[in-house]
Amino acid sequence: MQKRKIPFTILWVILAVCGGGLVVWDLTAFPDYIYENPSTLPFNHEKHGEALGLDCSKCHPGAEAGIRAGMPSKADCMDCHNLPLSDSPENEAFDKALLTAKENPFTFTSLLPSNVVFPHGLHVKSGVSCETCHGSAKEIDAGRRPQVRMQDCLACHQGKRGFPQASTDCARCHR
Amino acid sequence: MKISRASFLKLLTGTFAALSLFGCRREKSLPKNEHREVSSKPDLSLWQKEIDEARFATPRPESLVMVPRPGIHPKFPDADVRLGMAIDLDLCDSCGKCALACMVENNVPRVNADEARKGRYMHWLELRGGMPVMCAHCGDAPCEKVCPTGAAVASPDGFSSMVYPRCIGTRFCGANCPLHARKFNYTDAAEQGLAAKFNPEVPLRPQGVMEKCSLCIQRLQNARIQAKTFGLEWRGSGVLPACAAACPKHAIIFGNWLDLNSDLVRKTRGRGIYAPKSIAKFLPAVVYLRGKA
Ligand code: SF4
Ligand code: SF4
């Protein structure tokens, strides 16, 4: 009897190692939700949003009333940054980077499939905050991208997430 | 090393278990966006040329029969919107501007010579014997009934829509559409350089996916979203599909069949309303006008 048990233990160990490996691999090999800022201009959401009390739509045009939310141009930055920052060497370097930045320093490719429309304005209007999908300013700075799947959209639209119920007809969002 | 038969079998089982676990791994963590890289400033004359060519492939107009005025969509009896169109054949002189506008609005690709020889043009709006023919947006749509995945589905606004990523390319819908309004992507148009992204609002359809006139759903959705953002009730006003907007004779009238004040209802009053004979009994929302009632 005792003899039989040993190979089985080996089998279980193999299975456990494989399973564990799978999980680790899954978490490390697919970091495509980590967003690398392709711009050379550093930007800190926390310093602008939570510290200064700026609304997202201040820099992301359309985020509150439009269909899509855009990225700010250099001119938008210069509206505020035409005055130099306090003189620390770090800020000096930043001022210089801003001066030499191109016209549209920030680019962003949406992960939303091209056949889906997500009207930002309508969602804000019914009380969905930016953080609901995009995460907090801190998370955005850490490179988090909204991880929204259709089941998340549906859960919300079916009224399961505390927001008012909305249409679940295909043709309302798919085109 | 000597291995007993029993432990060999166990090892084999273990390897299989490990391999099948490996096979269950998550392929990708998020849906990738499908914005494909194609030209956004192509040579329009190529599209125009194909439209002129396609006229020869469809020399005969649809035979029309008189139908009652389109009304409520059978699947949405409580809706107060049933969008549709009426094409005034007394005004239409078959110039083909609507066909080009449709292709440009909806990123409709051209086809290669092989496909063209078989008459498999992708045109959502065809000029059949000079008569503009597109999906009639049947209320009782035969195409929707045979779609195994629900990719062909009725919109609550009373027209027939498509969810492209759901389409698995069985082509049942195309076979069941008596009007042959559906177009199948037999080839990868983007790969062959025959597709263009004229309109960023509309996705490119991949190979193996069915498509057809969507009643310019992107325009309708945007109009509705805009109205709702301002807190207004939207009943189909303030928007035109591309073909209707492009028609120099204003022969294509768009509107809401259930709104008695819409252009569509007013301009069809007292007119003879016709539909292609093949789909007349399926409650089409796109009809033709000719003469007096
Ligand atoms: S005309 Fe054809 S494609 Fe359009 S709804 Fe009717 S059956 Fe479907
Ligand atoms: S309504 Fe839009 S999709 Fe349909 S035929 Fe006209 S332009 Fe093309």
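A brief look at the structure comes next.

Parameters and conventions
- Residues numbered from 1 in each chain as written.
- Chains lettered and ligands numbered in written order.
- Predicted model: local features only at pLDDT ≥ 70, side-chain atom pairs only at ≥ 80, totals over all residues.
- Heavy atoms only, no water.
- Helix = DSSP H or I, 4+ residues; strand = E, 2+ residues; numbered from the N terminus.
- Buried < 20%, exposed > 50% of the residue type's maximum accessible area, 1.4 Å probe, protein only.
- Areas by Shrake-Rupley, 256 points an atom, 1.4 Å probe, with all protein chains shown as cover.
- Contact = heavy atoms within 4.5 Å.
- Buried area = accessible area lost by both parts, 1.4 Å probe.
- Salt bridge = Lys/Arg side-chain N within 4 Å of Asp/Glu carboxyl O.
- Polar contact = N/O pair within 3.5 Å; in protein donor to acceptor, adjacent residues only side chain to side chain.
- 1 Å grid on protein atoms, 1.4 Å probe; cavity = no way out; pocket = protein on both sides within 12 Å on 5 of 7 lines; lining within 4 Å.
- Points joined across faces, edges and corners; volume = space filled by probe spheres on them.
- Nonpolar A, V, L, I, M, F, W, Y, C, P; charged D, E, K, R; others polar.
- Near = heavy atom within 4 Å.
- Axes fitted to C-alpha atoms, helices over the stretch in contact; angles between N-to-C directions.
- Parallel < 35°, antiparallel > 145°, perpendicular 65-115°, else oblique.
- Left-handed = near helix turned anticlockwise from the far one by under 90°.
- Pairing = 2+ DSSP bridges.
- Patch = residues over 30% accessible without salt bridge, like charges linked within 9 Å, V, L, I, M, F, W, Y side chains within 5 Å.

1. Here's the deal with the overall build of chain A
Inference 1: Counting secondary structure elements, chain A contains ten helices and zero strands.
Inference 2: When the helices and strands of chain A are placed in sequence order, the string is α-α-α-α-α-α-α-α-α-α.
Inference 3: Split into buried and exposed, the 175 residues of chain A put 22% on the buried side.
Inference 4: Carbon and sulfur atoms provide 61% of the accessible area of chain A, an area that totals close to 11600 Å².

2. What to know about the interface of chain A and chain B
The parts lose accessible area when they come together, and the size of an interface is often stated as this lost area.
Inference 1: Across the boundary between the two partners, chain A contributes 37 residues, which contact 39 residues of chain B.
Inference 2: Summed over both sides, the interface of chain A with chain B buries roughly 3600 Å², with 61% coming from carbon and sulfur.
Inference 3: Here Asp157 of chain B makes a salt bridge to Arg172 of chain A, at a shortest N to O gap of 3.1 Å.
Inference 4: If you look at where chain A meets chain B, you find ten residue pairs in polar contact (both at pLDDT 80 or more).
Inference 5: Ranked by residue count, the leading element in the side of chain A that touches chain B is helix H1 (residues 2-29) of chain A, at eight residues.

3. Concerning empty space enclosed by the protein
Inference 1: A full pass over the atoms with the stated rule returns nine cavities of 30 Å³ or more.
Inference 2: Size it by volume and the largest cavity reaches roughly 100 Å³.
Inference 3: Broken down by class, the residue content of the lining of the largest cavity amounts to eleven nonpolar, three polar and one charged.

4. Examining the site of ligand 2
Inference 1: Taken together, 13 residues lie around ligand 2, and Cys102, Asn106, Cys213, Cys216 and Cys243 of chain B are the ones closest in.
Inference 2: Of the residues that constitute the shell around ligand 2, the class distribution is eleven nonpolar, two polar and no charged.

5. Overview of the layout of surface pockets
Residues and elements named next belong to chain A.
Inference 1: Of the volumes computed, that of the second largest pocket is approximately 770 Å³.
Inference 2: Contributing to the lining of the second largest pocket are 24 residues, with Phe43, His48, His81, Leu85 and Phe94 lying nearest its centre.
Inference 3: Sorting the residues of the lining of the second largest pocket by element identifies helix H2 (45-48), helix H3 (56-59), helix H4 (74-81) and helix H5 (89-100) as the ones contributing at least two each.
Inference 4: Among the elements that make up the lining of the second largest pocket, the one with the highest residue count is H4 (five residues).
Inference 5: Partitioning the lining of the second largest pocket into residue classes produces 15 nonpolar, four polar and five charged.

6. Considering the packing of helix H2 (residues 44-57) of chain B against helix H3 (residues 97-105) of chain B
Residue and element names in this part refer to chain B.
Inference 1: For the pair H2 and H3, the least separation of the axes is 10 Å and the interaxial angle reads 130°. As summarised for this structure, H2 and H3 are arranged oblique, according to the angle between their axes. Between H2 and H3 the crossing geometry is right-handed. Across the interface between the two elements, Leu44, Trp47, Gln48, Glu50 and Ile51 from H2 touch Ala99, Leu100, Met103 and Val104 from H3.
Inference 2: Classifying every residue of the contact of H2 with H3 by side-chain character gives seven nonpolar, one polar and one charged.

7. Points about the sheet that holds strand E10 (residues 271-276) of chain B
Residues and elements named next belong to chain B.
Inference 1: On the basis of which strands lie adjacent, the open sheet formed by five strands has the order E1-E10-E11-E2-E9 and mixed pairing. Each edge of the sheet is formed by a strand with only one pairing partner; in this case those strands are strand E1 (64-66) and strand E9 (252-256). For this sheet, the mean angle separating the axes of adjacent strands, direction not counted, is 40°.
Inference 2: Examined bridge by bridge, strand E2 (residues 83-88) and strand E11 (residues 286-292) share four bridges and lie parallel to one another. Residue pairing across strands places Asp88 opposite Leu289, the latter belonging to E11.

8. A look at a nonpolar patch on the surface
Inference 1: Nonpolar side chains collect at one region of the surface, where Ile6, Ile10 and Ile14 of chain A together with Ile3, Phe8, Leu9, Leu11, Leu12 and Phe16 of chain B lie side by side and expose about 820 Å² of accessible area between them.
Inference 2: Every element with two or more residues in the nonpolar patch is listed here: H1 of chain A together with helix H1 (5-23) of chain B.
Inference 3: Element by element, the count of residues in the nonpolar patch is highest for H1 of chain B, at five residues.
Inference 4: Tracing the backbone shows Ile14 of chain A in helix H1.

In short, shape yes, function no, at least from these values alone.
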